[in-house]
There are 2 protein chains.
Amino acid sequence: MKIRTIATSLIALGFSAGIGFAQSNEPIQPVKPASQINLGMVELGKKLYFDPRMSKSGFISCNSCHNLSMGGTDNIPTSIGDKWQQGPINSPTVLNSSLNVAQFWDGRAADLKAQAGGPIANPGEMGFSHTLAIGMLESIPAYVREFKQVFGKDKISIEEVTLAIAEFEKTLVTPNSRFDQWLLGKADALTTDEKAGYKLFKETGCVACHNGPAVGGASFQKMGVVAAYKANDKVEGRSAVTGKDADRFNYKVPTLRNVEMTYPYFHDGAANTLTEAVDVMGRLQLGKKFTADENGKIVAFLKTLTGDQPNFALPILPPSSDKTPRPTPFGK
Amino acid sequence: MKIRTIATSLIALGFSAGIGFAQSNEPIQPVKPASQINLGMVELGKKLYFDPRMSKSGFISCNSCHNLSMGGTDNIPTSIGDKWQQGPINSPTVLNSSLNVAQFWDGRAADLKAQAGGPIANPGEMGFSHTLAIGMLESIPAYVREFKQVFGKDKISIEEVTLAIAEFEKTLVTPNSRFDQWLLGKADALTTDEKAGYKLFKETGCVACHNGPAVGGASFQKMGVVAAYKANDKVEGRSAVTGKDADRFNYKVPTLRNVEMTYPYFHDGAANTLTEAVDVMGRLQLGKKFTADENGKIVAFLKTLTGDQPNFALPILPPSSDKTPRPTPFGK
């Protein structure tokens, strides 16, 4: 009897302060803050992430296309690479990318560390090479000291470079979205329309692919299930990795965390707005034409997935030394 | 008698703690921290400074070429503009630029506010227009609210945009360099070689142009006084502004604050190292060939001019709305 009274009081208390019980049976789970992080590695990786000397031109850094001021993306359909080359695919957000089953749209990198080395040496992206990047870093005494402090080695290799960048990227999670506050028990964190949008999101089947803490990122799925998708690009997705015809036009399901900030949408960046993206997804993946009201409610729900953005001081990079090879943005 | 005793004690105390009297008769004065700053305007200006949507491509922000991670420069000889166009002149540092007599190498902008509008609308730089930039900002509710909060107006114009950017740039001063600590009385802030370098800097005449708190920035001077400078570019300096033949090859004397970070040097970015820059300056401006020892000491002095770098959280930009025109990085 006494236990019952306490429980009743707690419920009353909870409701009056807008605090309810955590939603434990939902297909989406809250994003957790980063843990088990090596802070020295994070600080080094943050510098590398922001250092345009990791590119041939001295102009393009990881942050150029995965801009942490803009949801970890560049907000253009496909990225700009060395000498203004047009990239083949939309830059996915780096935010919460540690939660992905694999990296890149086709999953060709198993993890963040394997991904980090890719763009540096891609002629269409940063246009550099691992050897040249290491040579640059080894010519800068402050970098040499910091690598030594973090890894305890005199030599720098691409192994340590990508480990540090990946460790920094692990910190780029975005907890505390209004949706997560609701999941964790703050009953009034969502409006009626937002809750109705979430209900639609579950009942119509969006959640079949967009689930888990990242609301996506956990599987590869075909783009164009019910009807074919007419893409703006020539890529064929997962089959480029597996060689299997069945994997043609299969792509990693993108995370919907911070989706309000990560426009334009899809692997070809063809959808400019969430309204358009929800409409295309409904028709092509679910065979369902959402009404304007349904679409609006789902979009309202999606905007509750914006979490705490990265919060750190702009890193100051150690200056090049007289021995540092200079970037070659023009010619050669 | 008592006053004398106290003074003697203070001197003794000062010397034992490495604190001496301030150097009050020096031709270089300490950089002062920013004051009389409108913080709301600074926060808005900081966002605008980092926002690549101020460019046609959506890829180039003020920070692209005046990178606050790298001494307020891009560390390449001449900058990369829209569609990878090669700029005509080296990007000067934004650090301490509020101390300059005028802005740009040829002084064509009277102040930071007048400067800020230039690159946005320059077809070779950000390639946008003021009208398009305002249209972008007015389509984003969070920007509209912030402009209203700061300026108390419903409409945004280039006037408020450049005022806010300039106010942010006024905060980009770099006090507390080791040289300034020495100027302010910390006798052991400089090594013997650094002090010897400063003595040479004064006695050989460098200080005739590089003086004041910015160690430059206060006057226009001819590049190539004793012997002509063979530039890598075709610009003719101040005469483009005044129309006077006497101003040909006159340029604003660059600040030497943080010069260790602002390589490469000169208006054409032709000198890669401080050693080279000091050598060229000695021969062409002073008719003096510095010995390796003299050059080394002057360079050691110059490296004491690196002050506290900007220290603030990376700004998070408000996302575009459905009405925001999308950038056009390719084509058109």
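Data block above holds the structure.
Note that the structure is predicted; figures quoted are calculated from it, not measured.

Participant: I keep staring at the overall build of chain A and nothing clicks. Help me out?
Facilitator: For chain A, the helix and strand inventory stands at 12 helices and four strands. The C-alpha atoms of chain A give a radius of gyration of 22 Å, which matches the 20 Å a tight globule of 332 residues would have. For chain A, the residues scored as buried account for 53% of the 332 residues in total. Within chain A, residue pairs in contact and separated by at least 24 positions form 71% of the contacts whose partners lie at least 6 positions apart. With the model as given, the accessible surface of chain A reaches about 14,800 Å², and the carbon-plus-sulfur share is 57%. In chain A, 36 side chains carry a positive charge and 32 a negative one; their mean positions are 2 Å apart.

Participant: Is there a simple way to explain the relation of the copies chain B and chain A in this structure?
Facilitator: A rotation about some axis, followed by a shift along it, carries one copy of the chain onto the other. With an RMSD of 0.0 Å, the operation that places chain B on chain A is a rotation of 180° combined with a shift of 0.0 Å along the axis. Between the two chains, the operation in question is that of a two-fold axis. Judged by C-alpha distance, alanine 313 of chain B is the residue of chain B that lies nearest the rotation axis, at 2.0 Å. Of all interface residues in chain B, 100% are interface residues in chain A too; the two copies therefore contact each other through one and the same surface.

Participant: Would you take a moment to explain the interface of chain B and chain A for this structure?
Facilitator: Quoted interface sizes are often the accessible area lost when the parts come together. The interface is formed by 47 residues belonging to chain B together with 47 residues belonging to chain A. Summing both sides of the interface, chain B and chain A together bury roughly 3,900 Å²; the carbon and sulfur share of this comes to 68%. Linking chain B with chain A are zero salt bridges. If you look at where chain B meets chain A, you find 14 residue pairs in polar contact (both at pLDDT 80 or more). When grouped by side-chain class, the residues that make up the side of chain B that touches chain A number 23 nonpolar, 17 polar and seven charged.

Participant: For this particular structure, what's the right way to read the packing of helix 2 (residues 39-50) of chain A against helix 6 (residues 141-151) of chain A?
Facilitator: Packed helices, taken two at a time, are described by the angle between their axes plus the distance between the axes. All names here are of chain A. Axis separation between helix 2 and helix 6 bottoms out at 9 Å; the angle between their running directions is 150°. Read as a crossing pair, helix 2 and helix 6 show a hand that is left-handed. Side by side, helix 2 and helix 6 meet where Gly40, Met41, Glu43, Leu44, Lys47 and Leu48 of the first sit next to Tyr143, Glu146, Phe147, Val150 and Phe151 of the second. Here the residues of the contact of helix 2 with helix 6 sort into seven nonpolar, one polar and three charged.

Participant: How should the pattern of salt bridges be read in this particular structure?
Facilitator: Two side chains that carry opposite charge are able to pair once their charged atoms sit near each other. All names here are of chain A. Following the criterion strictly, the structure yields 40 salt bridges over all chains and no others. Lysine 289 serves as the salt-bridge partner of aspartate 279, at 2.7 Å between the closest nitrogen and oxygen. In this pair, aspartate 279 is assigned in helix 11 (residues 274-286) and lysine 289 in the loop between helix 11 and helix 12 (292-302), connecting sequence segments 10 residues apart. Residue class for lysine 289 comes out exposed when judged on its relative accessible area of 55%.

Participant: What is the right way to read the environment of threonine 304 of chain A from this model?
Facilitator: Residues and elements named next belong to chain A. Examined against the element boundaries, threonine 304 turns out to sit in the segment after helix 12. By relative accessible area, threonine 304 is classed as buried at 1%. Sequence separation between threonine 304 and isoleucine 156 is 148 residues; the distance between their C-alpha atoms is 42 Å. Once residues within four sequence positions are removed from consideration, threonine 304 is found in contact with Ser177, Arg178, Phe179, Leu190 and Glu194.

Participant: Where do I start with the nonpolar core in this structure?
Facilitator: Considering soluble globular proteins, one finds that nonpolar side chains tend to be buried as a cluster. Counting 80 residues, the largest nonpolar core has Leu48 and Leu68 of chain A together with Leu48 and Leu68 of chain B as the members making the most contacts within it. When near neighbours in sequence (up to four residues on either side) are disregarded, leucine 48 of chain B contacts Met54, Cys62, Leu137, Tyr143, Phe147, Val161, Ala164 and Ile165 of chain B.

Participant: Just to check I follow, could you spell out the environment of asparagine 90 of chain B for this structure?
Facilitator: Residues and elements named next belong to chain B. Within the element layout of this structure, asparagine 90 appears in the loop between helix 3 (62-65) and helix 4 (112-121). When its relative accessible area of 6% is taken as the criterion, asparagine 90 is described as buried. For asparagine 90 and alanine 270, which are 180 residues apart along the polypeptide, the C-alpha to C-alpha distance reads 9.1 Å. Once you skip the residues sitting within four places of it in the chain, asparagine 90 turns out to touch Ile76, Pro77, Thr78, Trp105, Pro264, Phe266, His267, Asp268 and Gly269.

Participant: It is not clear to me how unusual backbone geometry should be interpreted in this structure. Could you clarify?
Facilitator: Excluding glycine, most residues fall at negative phi; most peptide bonds, likewise, are trans. Cis rather than trans, the peptide bond between tyrosine 263 of chain A and proline 264 of chain A has omega equal to -10°. The backbone phi angle of lysine 83 of chain B is positive, close to 60°, even though this residue is not glycine. Mapped onto the secondary structure, lysine 83 of chain B falls in the loop between helix 3 and helix 4. In this structure lysine 83 of chain B comes out as partly exposed when scored by relative accessible area, which is 35%. Even without being a glycine, asparagine 96 of chain B presents a positive backbone phi close to 60°. Structurally, the position occupied by asparagine 96 of chain B is in the loop between helix 3 and helix 4.

Participant: Would you take a moment to explain the state of the cysteines for this structure?
Facilitator: Each disulfide consists of a covalent bond between the sulfur atoms of two cysteine residues. In this structure the tally under the stated criterion is zero disulfides over all chains. Free cysteine: cysteine 209 of chain A, not disulfide-bonded; nearest cysteine sulfur from cysteine 206 of chain A at 9.2 Å.

Participant: Explanation requested: the packing of aromatic side chains in the structure shown.
Facilitator: Note on aromatic pairs: each is described by the distance of the centres and the angle between the planes. Within the structure shown, the criterion is met by 30 aromatic pairs over all chains. An angle of 55° between the planes, with centres 4.9 Å apart, marks the rings of phenylalanine 201 of chain A and phenylalanine 301 of chain A as tilted. Here phenylalanine 201 of chain A is found in helix 9 (residues 192-203), whereas its partner phenylalanine 301 of chain A is found in helix 12, with 100 residues between them in sequence. Judged by relative accessible area, phenylalanine 301 of chain A falls into the buried class, the value being 0%. Taking the centre distance of 5.6 Å and the plane angle of 80° together, the rings of phenylalanine 168 of chain B and phenylalanine 312 of chain B count as edge-to-face. With a gap of 144 residues between them, phenylalanine 168 of chain B in helix 7 (residues 158-170) and phenylalanine 312 of chain B in the segment after helix 12 (292-302) connect regions that are remote in the sequence. For the pair formed by phenylalanine 168 of chain B and phenylalanine 312 of chain B, the shared burial category is buried. Among the aromatic residues, those joined into a cluster by ring pairs are Phe179, Trp182, Tyr198, Phe201 and Phe301 of chain A. Its guanidinium or amino end placed over the ring of phenylalanine 220 of chain B, arginine 238 of chain B lies 4.0 Å from that ring's centre, counting from NZ or CZ.

Parameters at a glance
- Residues numbered from 1 in each chain as written.
- Chains lettered and ligands numbered in written order.
- Predicted model: local features only at pLDDT ≥ 70, side-chain atom pairs only at ≥ 80, totals over all residues.
- Heavy atoms only, no water.
- Helix = DSSP H or I, 4+ residues; strand = E, 2+ residues; numbered from the N terminus.
- Rg over C-alpha atoms; globule rule 2.2 N^0.38 Å.
- Buried < 20%, exposed > 50% of the residue type's maximum accessible area, 1.4 Å probe, protein only.
- Contact = heavy atoms within 4.5 Å.
- Areas by Shrake-Rupley, 256 points an atom, 1.4 Å probe, with all protein chains shown as cover.
- Lys, Arg positive; Asp, Glu negative; His and termini not counted.
- Charge placed at Lys NZ, Arg CZ, Asp CG, Glu CD.
- Least-squares fit on C-alpha atoms with pLDDT ≥ 70 in both.
- Buried area = accessible area lost by both parts, 1.4 Å probe.
- Salt bridge = Lys/Arg side-chain N within 4 Å of Asp/Glu carboxyl O.
- Polar contact = N/O pair within 3.5 Å; in protein donor to acceptor, adjacent residues only side chain to side chain.
- Nonpolar A, V, L, I, M, F, W, Y, C, P; charged D, E, K, R; others polar.
- Axes fitted to C-alpha atoms, helices over the stretch in contact; angles between N-to-C directions.
- Left-handed = near helix turned anticlockwise from the far one by under 90°.
- Core = buried A, V, L, I, M, F, W, Y, C linked by side-chain atoms within 4.5 Å.
- Disulfide = S-S within 2.5 Å.
- Phe/Tyr/Trp six-rings, centres within 6.5 Å; stacked < 30°, edge-to-face > 60°.
- Lys NZ or Arg CZ within 6 Å of the ring centre and 35° of its normal.

None of this, on its own, says anything about what the molecule does.
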